[in-house]
Amino acid sequence: MSSNGFKVKIGLASCSIAAGAAKVHDLLKDLLADDGIHLQRTGCMGLCYCEPQVEVVAPDGRSYLYGNVSTDNVGQIVDEHIKKGEPVGELLVVPPDGASEAGEYIGRQERFLLHNCGNIDPENIESYLDAGGYKGLAKAVAMKPEEVIAEVKSSGLRGRGGAGFPTHQKWTFARDAKGEQKYIICNADEGDPGAFMDRSILESDPHSVLEGMMIAGYAIGASVGYIYIRAEYPLAIRRLKIAIAQAKEHYYLGTNILNSGFDFDIKIREGAGAFVCGEETALIASIEGKRGMPRFRPPFPAVSGLFASPTSINNVETFANVPQILAQGAAAYNVHGTEFSKGTKVFALAGKVNRGGLIEVPMGMTINDIVFAVGGGISTGKAFKAVQTGGPSGGCIPAELADTAVDYESLKEIGAIMGSGGLLIMDEETCMVDVAKFFLTFTREESCGKCTFCRVGTEQMLRILERITEGEGTEEDIDILEDLGSKIKAGSLCGLGQTVPNPVLTTIKYFRDEYMAHVRDKVCPAKNCKALIEYEIVAEDCKGCGLCRKQCPVDAISGGKKEPHVIDQATCLRCGLCVNSCKFDCITVSSRPGKTAPVDGQGMGAVS
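Residues numbered from 1 in each chain as written. Predicted model: local features only at pLDDT ≥ 70, side-chain atom pairs only at ≥ 80, totals over all residues. Heavy atoms only, no water.

Notes on the confidence of the model for the protein
For clarity, the threshold we go by: Scored between 0 and 100, pLDDT is the confidence that the predictor attaches to each residue. The criterion used for residue contact is that any of the two residues' heavy atoms lie within 4.5 Å.
Per-residue pLDDT for the protein has a mean of 93; in total, 97% of the residues score no lower than 70. Every residue in residues 593-608 scores below 50 in pLDDT, and together they form 37 contacts with partners more than four places removed in sequence or on other chains.

Concerning the pattern of salt bridges
How we decide: Each salt bridge in this description consists of a side-chain nitrogen of Lys or Arg and a carboxyl oxygen of Asp or Glu lying within 4 Å of one another. Under the DSSP-based scheme used, a helix requires at least four consecutive residues in state H or I and a strand at least two consecutive residues in state E, with every element numbered from the N terminus. For every residue, the accessible area obtained with a 1.4 Å probe (protein chains only) is divided by the maximum for its type, and the residue is called buried under 20%, exposed over 50%, and partly exposed between those limits.
Using the criterion set out here, one finds 29 salt bridges in the structure. Among the ionic pairs, Glu280 bridges to Arg297, the shortest N-O distance being 2.7 Å. Placement of Glu280 in helix H12 (residues 280-287) and of Arg297 in the loop between H12 and strand E10 (311-315) is noted, with a sequence separation of 17 residues between them. Overall, the relative accessible area of 34% leaves Arg297 in the partly exposed class. The partner of Arg512 in a salt bridge is Glu482, and the shortest N-O contact between them spans 2.7 Å. Of the two residues, Arg512 sits in helix H22 (residues 512-521) while Glu482 sits in helix H19 (residues 475-491), which places them 30 residues apart along the sequence. Residues joined by salt bridges that share partners form a network here, namely Arg41, Asp121, Glu123, Arg238 and Arg239.

Quick notes on the packing of aromatic side chains
For clarity, the threshold we go by: When two rings of Phe, Tyr or Trp (its six-membered ring) have centres within 6.5 Å they constitute a pair, described as stacked for plane angles under 30 degrees, edge-to-face for angles over 60, and tilted for the intermediate range. Sitting over a ring, as applied to charges here, requires NZ of Lys or CZ of Arg to be within 6 Å of the ring centre and within 35 degrees of the ring normal.
The tally for this structure, following the rule as stated, stands at 12 aromatic pairs. Ring centres 5.6 Å apart and planes at 70° place the aromatic pair Tyr49 and Tyr105 in the edge-to-face group. Highlighted residues: Tyr49 in the loop between strand E2 (39-42) and strand E3 (54-57) and Tyr105 in helix H4 (residues 101-107), separated in sequence by 56 residues. Overall, the relative accessible area of 1% leaves Tyr105 in the buried class. One aromatic cluster in this structure is built from Tyr128, Tyr134 and Tyr252. The side chain of Lys345 reaches across the aromatic face of Phe347, ending 5.3 Å from its centre.

Notes on the sheet that holds strand E8 (residues 254-257)
The condition that has to hold: Think of it this way: DSSP has to see at least two bridges between two strands before they count as a pair. A fitted line through C-alpha atoms serves as each axis, taken over the contacting stretch for helices, and the angle formed by two N-to-C directions is quoted from 0 to 180°.
Reading across the sheet, the five strands line up as E8-E9-E7-E6-E10 and stay open at both edges, with mixed pairing between neighbours. Bordering the open sheet on either side are E8 and E10, each of which pairs with just one other strand. Within the sheet, the average angular offset between the axes of one strand and its neighbour, ignoring direction, is 25°. Relative to strand E9 (residues 262-271), strand E7 (residues 224-230) is paired through seven bridges, and the arrangement is parallel. Bridge pairing in E9 places Arg230 opposite Gly271.

Quick word on a positive patch on the surface
Our working definition: Note on patches: the residues involved have over 30% relative accessible area and no salt bridge, like charges join within 9 Å, and the nonpolar side chains Val, Leu, Ile, Met, Phe, Trp and Tyr join within 5 Å. Per-residue accessibility takes into account occlusion by the displayed protein chains alone, with areas from the Shrake-Rupley method and a 1.4 Å probe. Charge counting follows a simple rule: Lys and Arg are positive, Asp and Glu are negative, and His as well as the terminal groups are ignored. Charge coordinates come from a single atom per side chain, which is NZ of Lys, CZ of Arg, CG of Asp or CD of Glu.
Judged by side-chain charge, Arg549, Lys550, Lys561 and Lys562 come together as a positively charged surface patch. With respect to the secondary-structure elements, Arg549 resides in helix H23 (residues 547-551).

Brief notes about the side chain of Asp477
Just so we agree on the cut-off: Whenever a nitrogen or oxygen atom comes within 3.5 Å of another N or O atom, the pair is scored as a polar contact, on the condition that within protein one atom can donate a hydrogen and the other can accept it, and that pairs from neighbouring residues in sequence are kept only if both atoms are in side chains.
Checked against the element boundaries, Asp477 lands in helix H19. Separated by 3.0 Å, the side chain of Asp477 and the backbone nitrogen of Thr474 make a polar contact. If we ignore the near neighbours within four places in the chain, the residues touching Asp477 are Ile464, Arg467 and Ile468.

Regarding the pairing of strand E14 (residues 395-398)
Burial along E14 is two-sided: Gly395 and Ile397 and Cys396 and Pro398, pointing in opposite directions, are all buried. Bridge analysis of strand E13 (residues 384-389) against E14 gives four bridges, and the strand direction is antiparallel. Each bridged residue has a counterpart across the sheet, and for Gln388 the counterpart in E14 is Cys396. Between E13 and E14, which pair antiparallel in sequence order, lie five residues; one of them, Gly390, sits at a positive phi of approximately 75°.

Given below as structure tokens:
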């Protein structure tokens with residue numbers, strides 16, 4: 001604590017650093033030095049939509065969270081709040097009473113797993129211990145391994161990597177398997193576009209994942225654990241290495257942990273970014289130094305996994321839940337959620353939503369509540385159209401089904417999946433055919449090529465979608481997409497191929513009218529597909545300011561100063577830069593000549 005009783009924290013995760021938090025940290029550190037106030041580093045606070053964030057804790061314990069802090073205004077926080085005791089209202093996003101939009105964002109959540117994120121220093125084990133860290137491990141090693149598994153079973157924890165397989169069953173299979181050497185693997189190969197749950201947890205609370213792996217290792221009889229993490233996460237990797245070194249220094253890793261006779265070590269393996277290595281057998285092959293490709297099962301990894309030894313694999317979120325389940329008891333976890341989907345779920349809320357970020361909500365909360373009560377509604381002011389769950393392997397759920405509870409069973413009933421936790425929000429200006437094409441482009445490139453249905457089928461589906469978005473599709477193409485999709489799901493070996501058609505099949509199921517408009521009428525109702533739209537400047541509204549002409553990358557716009565400008569349709573790329581630059585809303589987009597409508601922006605935004 002400082003001489004004047006104030007505590008100051010700043011979030012330093014990848015999202016906040018990208019928004020300028022590192023520069024704010026350095027300046028803030030200098031400004032606080034004269035007063036002897038320690039500036040504490042923390043991880044992701046979850047409010048990614050208003051980064052960087054600085055939390056000021058007053059001597060009376062009341063917390064004030066500031067958002068959108070920059071090097072231009074951080075001095076104001078120091079001068080007015082810390083030195084004079086007068087909070088800076090215009091920068092405050094969460095006051096002590098929580099009465100704000102950001103306060104509502106946090107208040108509607110249940111932060112069971114994320115309780116340390118934004119509160120502790122992820123590079124200081126003492127900070128983790130002060131928050132109750134490693135108490136779950138201490139309790140576990142005082143129990144019999146079977147009792148640990150029974151506690152996890154009682155909690156109802158299911159794997160958070162997407163499939164929702166009961167965690168206790170996976171651990172039981174590995175424990176019962178014969179083998180002198182057994183392994184624990186943490187799957188941190190987070191590859192879904194728009195997903196950042198695992199990265200944020202590893203950057204903000206790495207010890208929780210290590211502790212969860214140790215408890216799992218004790219439960220199944222393993223002595224070695226591997227964290228398989230994509231190399232594109234340098235900060236997470238650095239903090240994991242620091243955490244592992246600190247855990248060894250404090251004898252939480254190594255031999256005879258807590259004088260229990262339990263030995264355990266954790267190693268890091270960096271992946272090259274192949275999406276298919278999120279599949280457990282491909283991941284194992286990659287750790288072994290082989291090409292990351294899935295293999296036939298059985299045998300399952302629990303029987304013959306890493307180096308042909310019994311292996312239990314869970315993802316980051318699953319392991320991070322375990323310490324709290326052991327420390328607080330199963331009832332503290334299973335009090336949340338539904339009958340068959342217990343606990344909470346962490347989501348990366350992204351897309352056209354006002355309050356995007358890292359959220360944790362009870363299983364069973366509806367899509368509407370997540371989008372509007374937590375996320376604050378649609379950022380564009382347009383109508384809510386759909387949400388994509390589960391990343392490229394998931395499905396598009398229309399707004400008409402937004403009262404659906406977000407749990408494993410409910411999502412399965414409507415043809416979607418939970419996935420690892422990405423939630424992409426879309427508005428009425430989103431073309432669902434283009435959405436399907438975007439995700440299929442990704443999965444086609446990420447297919448390992450082992451299975452013919454996945455390798456060739458995704459290529460053919462993508463070609464059909466490209467034809468449709470270019471105005472060259474037919475009604476028969478829609479039937480072919482459905483047929484191909486069902487065959488790819490049935491004929492693929494791993495989860496990638498089995499789920500890759502989901503975005504296409506769900507968009508056809510729920511937005512068939514959009515597909516029909518593309519193939520029958522040759523129009524894009526969302527005015528997004530470039531081959532089916534035209535930009536035109538309304539002459540009587542144009543002021544001749546020249547902004548659109550300066551922004552055009554191919555000089556398709558001509559016109560003199562203070563004279564109406566004109567777009568050359570043959571040259572126009574339909575990039576939308578002219579629309580975004582026009583201050584007078586005099587550029588219209590038409591889905592076909594003769595039918596125009598003013599627009600505020602362009603297409604899918606963060607997706608396309």
